[in-house]
Amino acid sequence: MQYRKLQGTGLTVPRLTLGTMMFGGQTSEEDSLKIMDYAYDHGMYFWDTADIYVQGEGEKVVGKSLLQPCLINYQKLLIQTALCSGTLSKRVLQPMMIF
């Protein structure tokens, strides 16, 4: 895995991001958990999710992965999400970074 600095943050992130758009939908929860585990084990710890993916199911599956004992070190995981992008609110929020 190749890594680079995330401009303006001092963080080092993988060049590839795991997209979770199909998790909990076309990709079953069981398969999604396996994909996240595999990706994390191979250095892909920057994940993209949003409340609009499969009507919020994608974020639920990502959350469940953090509850699995010893599956993923959530202290190293970076999750990028879109807040209130469609299913939770009609308001449009500007993207923000939380550390």
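Before reading further, recall that the structure is shown in the block above.
Residues numbered from 1 in each chain as written. Predicted model: local features only at pLDDT ≥ 70, side-chain atom pairs only at ≥ 80, totals over all residues. Heavy atoms only, no water.

### Things to note about the nonpolar core
Soluble globular proteins: nonpolar side chains tend toward being buried together. Stated precisely, the cut-off is as follows: Joining through side-chain atoms within 4.5 Å is the link that ties buried Ala, Val, Leu, Ile, Met, Phe, Trp, Tyr and Cys residues into a set, and such a set is a nonpolar core. In this scheme, a residue with accessible area under 20% of its type's maximum is buried, one over 50% is exposed, and one in between is partly exposed, where area comes from a 1.4 Å probe on protein chains only. Under the scheme used here, helices are H or I runs from DSSP no shorter than 4 residues and strands are E runs no shorter than 2 residues, and both carry numbers assigned from the N terminus. The contact definition used throughout considers only heavy atoms, calling two residues in contact when any of these lie within 4.5 Å.
By size, the foremost hydrophobic cluster in this structure holds 12 residues: Leu18, Phe23, Leu33, Met36, Ala39, Tyr40, Met44, Tyr45, Trp47, Val61, Val62 and Leu77. Sorting the residues of this core by element identifies α1 (29–41) and α2 (57–67) as the ones contributing at least two each. At 4 residues, α1 tops the list of elements feeding residues into this core. Beyond its immediate chain neighbours, meaning those up to four positions away, Tyr45 contacts Tyr3, Thr12, Val13, Pro14, Tyr40, Lys76, Leu77 and Leu78.

### Quick word on the packing of aromatic side chains
To keep things clear, this is the line we draw: In this scheme Phe, Tyr and Trp rings, the latter by its six-membered ring, pair at centre separations within 6.5 Å, and the angle between planes marks the pair as stacked below 30 degrees, edge-to-face above 60, and tilted otherwise.
Tallied over the full model, the rule gives 1 aromatic pair. Ring geometry for Tyr3 against Tyr45: centres 6.1 Å apart, planes inclined by 20°, an arrangement best described as stacked. Taken as a pair, Tyr3 in strand β1 (residues 3–6) and Tyr45 in the loop between α1 and β4 (46–50) lie far apart in primary sequence, 42 residues in all.

### Re the sheet that holds strand β5 (residues 78–82)
Within a sheet, neighbouring strands are paired by backbone hydrogen bonds and run either parallel or antiparallel to one another. Operational definition: Between any two strands, pairing holds if DSSP finds at least two bridges. Here the axes come from fitting lines to C-alpha atoms, over the contacting stretch only for helices, and the angles between their N-to-C directions go from 0 to 180 degrees.
Pairing within the open sheet is parallel, and its 3 strands lie in the order β3-β4-β5. In the strand order of this sheet, the two ends are held by β3 (18–19) and β5, each with one partner. For β4 and β5, the ladder comprises 5 bridges, and the chain directions are parallel. The partner of Asp48 across the bridge, within β5, is Gln80. Sitting on the sheet, α2 is in contact with β4 and β5, with an inclination near 140° to β4.

### Some details on the pairing of strand β2 (residues 11–14)
Of the pairings in the sheet, the one linking β1 to β2 comprises 4 bridges and is antiparallel in character. From the neighbouring strand, Tyr3 faces β2, where its bridge partner is Pro14.

### Some remarks on the environment of Val62
Mapping Val62 onto the fold places it in helix α2. For the pair Val62 and Leu33, spaced 29 residues apart in sequence, the C-alpha to C-alpha distance is 7.9 Å. When sequence neighbours within four positions are dropped, the list of residues in contact with Val62 reads Thr20, Met36, Trp47, Thr49 and Ile79.

### As for the side chain of Asp48
Short version of the rule: Charge assignment: positive for Lys and Arg, negative for Asp and Glu; neither His nor the chain ends contribute. By salt bridge we mean one thing: a side-chain nitrogen of Lys or Arg within 4 Å of a carboxyl oxygen of Asp or Glu.
Within the secondary structure, Asp48 sits in strand β4. Here Asp48 sits buried without a salt bridge, and the closest side chain of opposite charge, Arg4, lies 13 Å off (N-O distance). In this structure Asp48 touches Thr17, Leu18, Gly19, Thr20, Tyr53 and Gln80, once residues within four positions along its chain are discounted.

### Structural notes on the packing of α1 against α2
Where we set the bar: We call two directions roughly parallel when the angle between them is under 35 degrees, roughly antiparallel when it is over 145, roughly perpendicular when it lies between 65 and 115, and oblique otherwise. Here a crossing is taken to be left-handed if its near helix is turned anticlockwise relative to the far helix by less than a right angle, and right-handed if that turn runs clockwise. Any residue that is not Ala, Val, Leu, Ile, Met, Phe, Trp, Tyr, Cys, Pro, Asp, Glu, Lys or Arg is counted as polar, Gly included; the first ten are nonpolar and the last four charged.
At a closest axis distance of 10 Å, the pairing of α1 and α2 adopts a crossing angle of 60°. Considered as vectors, α1 and α2 are oriented oblique to each other. For the crossing formed where α1 meets α2, the hand is right-handed. Residues Glu29, Ser32, Leu33 and Met36 of α1 form the contact with α2, whose own contacting residues are Val61, Val62, Lys64 and Ser65. Counted by class, the contact of α1 with α2 contains 4 nonpolar, 2 polar and 2 charged residues.

Honestly, that's just the spatial picture; any functional story needs more than this.
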